[in-house]
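Here is how the chains run, residue by residue.
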Amino acid sequence: MKERYPRLEINLAHLKHNVARVVERCGSCGIQVAGVIKGATGDVEVARQFAEGGAAFIASSRLEQIEDARNAGIEKKMMLIRIPMLSEVEDVVRLTEISLNSEMEVIRALNEEAGKQGKIHEVILMADMGDLREGWWDKDEMADAAATIEKEMKHLHLAGIGTNVGCYGSILPTVEKLEELVAVAEHIEKRIGRKLEYISGGATSSLLRVWDGNIPERINLLRVGEGILLARDMDVFYHYDVSDLCQDNFRLKAEVIEVKNKPSHPVGEVGVDAFGHTPEYVDRGIRRRALLAMGKVDYGDPAELLPMEKGIDILGASSDHTIVDIEDAEKEYQVGDIMEFDVNYATLIYLTNCRNVHIAYV
Ligand SMILES: *Cc1c(COP(=O)(O)O)cnc(C)c1O
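Every value quoted in this text rests on a predicted model; they were computed, and no experiment measured them.

Draft legend 1. Local environment of the nonpolar core. Formed by 95 residues in total, the largest nonpolar core has its most connected members in L125 and I161. Here the element with the most residues in this core is helix α7 (residues 175-192); it accounts for seven residues. Residues contacting I161, with those up to four places away along its chain left out, are I124, L125, M142, L181, V184, A185, I188, L196, Y198, I199 and S200. Counting residues in each nonpolar core, the second largest holds 14 residues, with A34, F57, I124 and M126 among its members.

Draft legend 2. Layout of the environment of G193. Among the structural elements, G193 can be located in the loop between α7 and β8 (198-200). A relative accessible area of 63% means that G193 is categorised as exposed. Each C-alpha atom, one on G193 and one on E150, is 9.8 Å from the other, the two residues being 43 residues apart in sequence.

Draft legend 3. Looking closely at the site of the ligand. Lining the immediate environment of the ligand, one finds 14 residues, of which K38, T204, R223, G225 and E226 sit closest. The side chain of K38 places a nitrogen or oxygen atom 2.7 Å from an oxygen atom of the ligand. Isolated, the ligand exposes 390 Å² of accessible area, and the fraction of that covered by the protein chains is 90%. A per-class count over the shell around the ligand returns six nonpolar, three polar and five charged.

Calculation rules
Residues numbered from 1 in each chain as written. Predicted model: local features only at pLDDT ≥ 70, side-chain atom pairs only at ≥ 80, totals over all residues. Heavy atoms only, no water. Core = buried A, V, L, I, M, F, W, Y, C linked by side-chain atoms within 4.5 Å. Buried < 20%, exposed > 50% of the residue type's maximum accessible area, 1.4 Å probe, protein only. Helix = DSSP H or I, 4+ residues; strand = E, 2+ residues; numbered from the N terminus. Contact = heavy atoms within 4.5 Å. Near = heavy atom within 4 Å. Polar contact = N/O pair within 3.5 Å; in protein donor to acceptor, adjacent residues only side chain to side chain. Areas by Shrake-Rupley, 256 points an atom, 1.4 Å probe, with all protein chains shown as cover. Nonpolar A, V, L, I, M, F, W, Y, C, P; charged D, E, K, R; others polar.

Structural measurements only, silent on function.
See the structure below:
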């Protein structure tokens with residue numbers, strides 16, 4: 001059968017290598033890994049690598065992805081990492097063993113539902129340590145919630161606390177931040193008179209502390225997506241050595257449908273583009289350009305695409321087309337040729353969400 005494009009190739013062996021490597025590195029610091037599959041839209045083969053590579057939990061913000069993983073026979077504890085909607089509580093209890101929480105109303109509903117389903121559902125309470133997305137800001141109120149769960153909610157088990165950083169507020173998981181989190185945990189432990197099983201100190205950005213070897217001892221759970229899927233952020237943004245991780249797990253391939261020499265400045269009266277904007281066009285004279293059969297619908301933002309070859313300049317895109325300057329490319333592109341791109345996290349999410357993008361496992 002002919003290969004179809006645009007095509008996202010996923011190297012499962014390399015992905016599994018990354019899972020195993022991150023699990024091993026974290027393990028040596030006494031940390032378990034929840035493998036976060038939302039970056040690849042919960043693709044079940046991706047989820048399977050997380051499971052086989054040794055992640056302790058399969059985690060997602062979306063129940064649909066967790067349900068797919070379950071239906072694919074993946075037998076790990078499932079974790080919901082977005083605060084549950086009240087409207088999904090029944091499915092949270094049905095599909096997951098553990099969820100991250102920050103609202104008593106939701107927690108009460110989870111307790112009631114777990115009772116109905118004859119289950120004990122585990123909860124991790126989220127502390128907002130300054131990133132200002134989810135979690136309790138008032139830590140006394142959080143400790144009250146913990147005590148209430150411990151005392152009154154028979155169908156829930158308070159498994160631990162956690163935090164999220166580097167998502168909205170771009171706050172770094174410094175040693176001090178994580179020690180503050182441990183202090184919150186110890187405050188709660190005093191209130192409930194026992195140890196918590198989990199102190200979950202964040203996501204990929206907290207791997208920086210694992211690499212540095214200075215993560216506070218009581219942090220024992222991280223929820224890692226990007227650092228396993230792409231392993232780019234630690235390298236590109238923080239210049240950490242991730243040479244033991246594969247960075248070629250995902251490759252995007254698109255087909256050239258037109259190659260022509262054209263002016264680089266639009267000709268005629270300027271109005272707005274397909275999205276109502278008027279971009280700046282630089283006049284570089286007549287240039288050779290290729291048109292690719294993929295567009296914003298497939299990957300989101302053309303500026304985030306990372307051409308594998310030097311001399312390729314992405315000029316822009318509409319819904320279904322990408323326009324690329326190939327004047328300085330080494331290769332002589334022809335109609336029918338394939339152009340390759342590396343991807344970042346945002347692009348990966350779009351690609352795996354788009355039914356026009358054909359996923360191939362290599
Ligand atoms: C997305 C998410 C993660 C994983 O983030 P990465 O940066 O991809 O590792 C972890 N925790 C929560 C709550 C998330 O929403």
